[in-house]
Amino acid sequence: MPSFLDIHKTDAADLRAIIDAGRAMKTSRQGRPKGAPDDDQPLAGHMVALIFEKPSTRTRVSFDVGVRQMGGETMVLSGTDMQLGHGETIADTARVLSRYVDLIMIRTFEEQTLLEMAEYASVPVINGLTDRTHPCQIMADIMTYEEHRGPIAGRKVVWSGDGNNVFASFAHAAEQFGFDLTFTGPPPLDPEPDLHAGITIERDPHKAVEGADLVVTDTWVSMHDPQSARERRHNQLRPYQVNAELMSKAKPDALFMHCLPAHRDDEATSEVMDGPHSVIWDEAENRLHAQKAVMRYCLGV
Ligand code: CP
Ligand code: NVA
């Protein structure tokens, strides 16, 4: 059974099928209470472990609700409360959990932790964010774009800000889904060099967003960044704030996205976040639907 570790490690055809399945499942539930069971109950009898070594609101709640809607059971585990946080190896944790649960979702720091979990688990593992990537987020983002504007293939997506983990998954998705991706941000916060091949780098944010179909940003200080870097990062990133003036340079019908949580009036103004281009609440909702499809893909149900 396949894990879902990263967008570039999943077949493009499977990614497409996941997005389409997520949209179909969303449509089929419209108007029903959030706790109402899905008709087909594909996860009946399945137990899912949700491990968090970092804080989370959306990932935690959307996975938990999604499993329950599909008829499965969840247990939410904090890394620090597990023996994992007290010296037990990732490999041994993976072997043990695989005897109790059918699927593991983990949010962690180093990518290596995720990879080791997947290597030693005998059940599928889902990446719920690492310092390097956040693939479930970008599946929801693509679903959201297509729900509003149709196919993302051939569109211009502009990322303004830190070349971080969420950006990295956008870069992986650009290749798999066939959209153009421009990064605009200060050189010290460039994406990892291995991501440069398929993207355009434009230092001037106003030039970068010209003709954009979608403008995206994220926090200036991620959970894995030291707080001591906060002031320096703010100074470096301030010119890349997504505000009404910057959005006015994009296409008139451009969308604005932010994975959340946001620091309002830092990386994006409230005017933009709450304005007509913004689809941030749909984006958050679609974590639920897209991840339900990811879980079905992993479990083959
Ligand atoms: N976007 C996202 O992953 O949010 P959480 O950190 O709240 O899970
Ligand atoms: N880049 C952010 C995303 C949070 C969902 C972080 O890693 O903290």
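These figures come from a predicted structure and were not determined experimentally.

Considerations on helix α1 (residues 12-28)
Taking 1.5 Å as the rise per residue, α1 with 17 residues should run 24 Å; its terminal C-alpha atoms sit 24 Å apart, in good agreement. Its buried side turned inward, α1 meets α5 (135-149), α6 (165-177) and α11 (280-299).

Describing the sheet that holds strand β4 (residues 125-127)
Within the open sheet, the four strands sit side by side as β2-β1-β3-β4. Their pairing is parallel. Of all strands in the sheet, those bounded by a partner on one side alone are β2 (73-78) and β4. Averaged over all neighbouring strand pairs, the angle between strand axes comes to 20°, with direction disregarded. Both strand β1 (residues 47-52) and strand β3 (residues 103-107) contribute to a ladder of five bridges, which runs parallel. When the sheet's bridge partners are listed, Ala-49 is paired in β3 with Ile-104. On top of the sheet, helix α4 (residues 111-120) reaches β3 and β4; it is set at about 165° to β4, its chief contact.

Considering the pairing of β1
Of all six residues making up β1, five are buried, and the element is well covered by its neighbours. One ladder, built from six bridges, connects β1 with β2; its direction is parallel. The residue bridging Ile-51 from the neighbouring strand is Leu-77, located in β2. Taken together, β1, helix α2 (residues 58-69) and β2 form a β-α-β motif whose crossover is right-handed.

Describing the site of ligand 1
With respect to spatial proximity, the complete set of residues near ligand 1 consists of Ser-56, Thr-57, Arg-58, Thr-59, Leu-129, Gln-137, Cys-259, Leu-260 and Pro-261. A breakdown of the residues in the shell around ligand 1 according to their chemical character gives four nonpolar, four polar and one charged.

Concerning the environment of Leu-5
Of note, Leu-5 is situated in the segment before α1. Once the C-alpha coordinates of Leu-5 and Cys-136 are considered, the two residues, 131 residues apart in sequence, prove to be 9.2 Å apart. With sequence-adjacent residues up to four places away left out, Leu-5 is seen in contact with Leu-114, Ala-118, Val-125 and Asn-127.

Structural notes on the UniProt feature "domain: Aspartate/ornithine carbamoyltransferase carbamoyl-P binding" (unreviewed entry) in the chain
Within this structure's numbering, the places UniProt gives as "domain: Aspartate/ornithine carbamoyltransferase carbamoyl-P binding" (unreviewed entry) are residues 4-147. Note that residues 4-147 is 44% helix and 14% strand, and that its end C-alpha atoms are spaced 23 Å apart.

Details of the packing of α5 against α11
Put simply, α5 and α11 touch, their axes get as near as 8 Å, and they point 115° apart. Of the possible angle classes, the one that applies to α5 and α11 is roughly perpendicular. As α5 packs across α11, the resulting crossing turns out to be right-handed. Contact residues: Cys-136, Met-139, Ala-140, Asp-141, Met-143, Thr-144 and Glu-147 in α5; Asp-282, Glu-283, Asn-286, Arg-287, His-289, Ala-290, Gln-291 and Val-294 in α11. Split into classes, the residues belonging to the contact of α5 with α11 amount to six nonpolar, four polar and five charged.

Examining the domain arrangement of the chain
Each assigned domain of the chain is listed here: domain 1 (32-132) and domain 2 (137-283). Taking only C-alpha atoms into account, the centre of domain 1 sits 27 Å from that of domain 2. Each partner contributes to the interface: domain 1 provides nine residues, whereas domain 2 provides six residues. Its residues assigned to classes, the side of domain 1 that touches domain 2 shows three nonpolar, two polar and four charged.

Some points on the sheet that holds strand β6 (residues 180-184)
Paired through their backbone hydrogen bonds, the strands of a sheet run either parallel or antiparallel. Taking strand neighbours across the sheet as the criterion, the five strands line up as β7-β6-β5-β8-β9 in an open arrangement whose pairing is parallel. At either end of the open sheet lies a strand with only one pairing partner, and these are β7 (200-201) and β9 (255-258). Pairing of β6 with β7 involves two bridges; the strand directions are parallel. When the sheet's bridge partners are listed, Phe-183 is paired in β7 with Ile-201. Each of β8 (214-217) and β9 touches α5; the most contacted strand, β9, lies at about 160° to it. Relative to the sheet, α6 contacts β5 (156-160), β6 and β8, its axis offset from that of β6 by approximately 155°.

Examining unusual backbone geometry
Geometrically, the link from Leu-260 to Pro-261 is a cis peptide bond, its omega value of 5° lying close to zero. With respect to the helices and strands, Pro-261 occurs in the loop between β9 and α10 (270-273). Positive phi outside glycine occurs at Gln-41, with the angle close to 50°. Its 14 C-beta neighbours within 10 Å are what place Gln-41 among the partly exposed residues. Counting through the fold element by element, Leu-260 comes out in the loop between β9 and α10. Judged by C-beta crowding, with 16 C-beta atoms within 10 Å, Leu-260 ranks as partly exposed.

What counts, and at which threshold
Every chain is numbered on its own, with residues counted from 1 as its sequence reads. Chains carry letters from A onward and ligands carry numbers from 1 onward, assigned in written order. Totals for whole chains, interfaces and linings use every residue, but because this is a predicted model, local features are given only for residues with pLDDT of at least 70 and side-chain atom pairs only at 80 or more, for both listing and counting. A run of H or I in DSSP becomes a helix once it reaches four residues, and a run of E becomes a strand once it reaches two; helices and strands are each numbered from the N terminus. Any helix carries an expected span of 1.5 Å times its number of residues minus one. Contact between two residues is assigned when their C-beta atoms, built from the backbone, lie within 7 Å. Paired strands are those between which DSSP finds at least two bridges. The convention used is that axes are lines fitted to C-alpha atoms, helices contributing only their stretch in contact, and that angles between N-to-C directions extend from 0 to 180 degrees. Backbone-placed C-beta atoms define the burial measure: a residue is buried with 20 or more other C-beta atoms within 10 Å of its own, exposed with 12 or fewer, and partly exposed in between. Crossovers are marked right-handed if the path from the first strand over the helix to the second runs clockwise, as seen with the strands pointing away from the viewer. Whether a residue is near a molecule or strand depends on its C-beta atom, placed from the backbone, lying within 6 Å of it. Asp, Glu, Lys and Arg are counted as charged, while Ala, Val, Leu, Ile, Met, Phe, Trp, Tyr, Cys and Pro are counted as nonpolar; the rest, among them Gly, fall into the polar class. UniProt positions are given in the numbering used here, feature names are shortened, and annotations may be inferred rather than shown by experiment. An angle counts as roughly parallel when it lies under 35 degrees, as roughly antiparallel when it exceeds 145, as roughly perpendicular when it falls between 65 and 115, and as oblique in every other case. Each crossing gets its handedness from the near helix: less than a right angle anticlockwise from the far helix is left-handed, clockwise is right-handed. Boundaries between domains were set according to an automatic or database domain assignment.

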